[in-house]
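What follows is each chain in one-letter form.
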Amino acid sequence: MSAITVRNLVYEVSQKRILDDIHLEIAHGEIVSIMGQSGSGKTTLLKLMTGLLKPTSGHILIDDQDITGLSEADLDAVRLKMGLVFQYAALFDSLNVYDNILFGVVRHKRLSRKELDAIVRDRLDQVDLEGIEKRYPAELSGGMQKRVGLARALAMKPSIVFYDEPTSGLDPITVNTIDELIMDTRRREEVTSVVVSHHLPSIFRISDKVAMLHEGKIIIYDTPEKVQASADPIVQTFIHPERNEKEENSPHEGAQAERQRPETLPR
Amino acid sequence: MADQAARRKPAIGEIAPPPSERHGLMRGGLLAVLTFLGETGLLSVQAVGSIARYGVNVGDLLNQMAAVGADSIWIILTITCATGAVFAFYITNLAVQIGFTQFVGGTLSYGFLNELGPVLGGVALAARSGAAIAAEIGSMVVTEQVDALRAMAVSPVRYLVVPRVLAAILMLPLLTVLADLAGLLGGMGFAGAAGVPYTEFLLSLRQFVQPLDLINGMIKAIVFGYLIGIIACQQGLRTRGGATGVGRSTTSSVVLCVVMIFLTDLVLAQVLTQRVRHP
């Protein structure tokens, strides 16, 4: 049984096809990264997998349960198994860190004050942010907000965690911290992780498998090593844009590359 | 002919679109009205369904009631007191000239309890609390906080819409009572200064005003409170496009609330007046 199965998934907005015939199989405990250029449909795919968007057609199975036809109320039962870390953290401005972390917990579980305090302490300790319970999101840096977002996502002890661009806009040291957190979370909680990112060093460092989205289709889904060794020019151009630049600058090879390159690749 | 009309150079200052475009605008306008009514109706049904299924979080409701009351009370008291004074100024001027000062208190009270209290209170609530609700929810939408609620299996209707709509429904009648008092005090003060004794003002009030007038005002306030809460939430939830979108939703919320208050008042005035039995 897979943790997540995506079959023949299609998503259209105003008759424009954003995702086209997507297939994915994610096993329990795996870290799978989805990479691709901005606008390739990565975040849309993540929102479809979490039930925040409804697909035009196709199926998404979470622990073998098809979520595509579920009502919002029935989806809530499935969402209790999931944690979602948003690109810009999406912490509630009006609540402090303590209440943000416990927001889902207090609404779905009956726990004593001691137990709630212990959850906040554990989660903040896990993301290395002890002692900030009383602070509000506006008083935190971008990296701290993302870590609190992760602590909030983990507070419900989910079996699947989705990360939307967890390292975008962060400095290299914080990027490293977030990568460690994602791997540490998998080790400690045995969660399945789906990471949407275009930060290549992180992707190849933390992932068991990597999928690449291009123009709404998954053009490769394999181990990081095999993706890096792929002969597909689109994959190679995405992974090594600097090589492409060099070829463009060399008059003879540049002209050849220009002829071979599909129009949609980054220039 | 149609081609000629289409090719005609527009006169300086002309802003009317060509006929084909005008039909498009009318279709767009009609679609916007139907979308608004549909979304507002659907949100109302969802809110009622949420209350029936989960009940109401009393803590969230009290927080919202406190916010709505604190936000709006001073604006409502200020504008109703001033309006009462101005209203009294005009009535008293006329009454002194033609000698019917014994009607001033009654006229002012009848007008305030039935109309000015709930309508001015509603407009002030829409401008202050309705705008705040639309802006807050709109900001939550564009910063993905509403998606975060759904991702944590918390219904935005249950957490955001129900307490805000109920707070507006419960608070506007209370604020309307205060608005009526402020308006009557302002009016009595001004009428007194212009030559209508307080005793005569109060006697007139007792003669002309019935408890039913106050009840009618409360019914209007409840309906306006519902309209303000649901429209502000609907506009907030349909926000798209960052800070500009939040600004647009906030403005639309105030405009739609005020327009809907006056349109509904037109109907309610007819319906509720049938119930009043005046001497």
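Residues numbered from 1 in each chain as written. Chains lettered and ligands numbered in written order. Predicted model: local features only at pLDDT ≥ 70, side-chain atom pairs only at ≥ 80, totals over all residues.

Observations concerning the overall build of chain A
So, point 1. The helix and strand tally for chain A stands at eleven helices and ten strands.
So, point 2. In terms of overall dimensions, chain A has a C-alpha envelope of 70 × 40 × 35 Å along the principal axes.
So, point 3. When burial is assessed residue by residue, chain A has 38% of its 267 residues classed as buried.
So, point 4. Taking contacts inside chain A between residues at least 6 apart in sequence as the whole, the part at least 24 apart equals 66%. (Helix = DSSP H or I, 4+ residues; strand = E, 2+ residues; numbered from the N terminus. Buried ≥ 20, exposed ≤ 12 C-beta atoms within 10 Å, placed from the backbone. Contact = placed C-beta atoms within 7 Å.)

Some words on the confidence of the model for chain A
So, point 1. With 91% of its residues at a pLDDT of 70 or more, chain A has an overall mean of 88.
So, point 2. For the stretch residues 253-267 of chain A, pLDDT sits under 50, and the model shows 15 contacts to residues farther than four places along the chain or on other chains. (pLDDT = per-residue confidence, 0-100.)

Quick look at the confidence of the model for chain B
Residue and element names in this part refer to chain B.
So, point 1. The pLDDT averaged across chain B works out to 89; a share of 90% of its residues lies at or above 70.
So, point 2. At the low end of the mean pLDDT range in chain B sits helix 1 (residues 2-7), at 48; at the high end sits helix 8 (residues 211-237), at 96.
So, point 3. Interface confidence for the predicted complex, given as ipTM, is 0.85, next to a pTM of 0.83.

Description of the interface of chain A and chain B
So, point 1. Tallying the contact residues gives 15 residues for chain A and ten residues for chain B.
So, point 2. Every element with two or more residues in the side of chain A that touches chain B is listed here: helix 2 (72-79), strand 6 (82-85) and helix 3 (97-108) of chain A.
So, point 3. Considering each element in turn, the side of chain A that touches chain B owes the most residues, four residues, to helix 3 of chain A.
So, point 4. Tallied by class, the residues present in the side of chain A that touches chain B amount to nine nonpolar, three polar and three charged. (Nonpolar A, V, L, I, M, F, W, Y, C, P; charged D, E, K, R; others polar.)

Structural notes on the environment of Ala134 of chain B
Residue and element names in this part refer to chain B.
So, point 1. Relative to the helices and strands, Ala134 is located in helix 4 (residues 104-142).
So, point 2. Ala134 gets classed as buried once you count the C-beta atoms within 10 Å, which come to 30.
So, point 3. Other than its neighbours up to four places away in sequence, Ala134 contacts Ala232, Gln235, Gly236, Ser249, Thr250 and Ser253.

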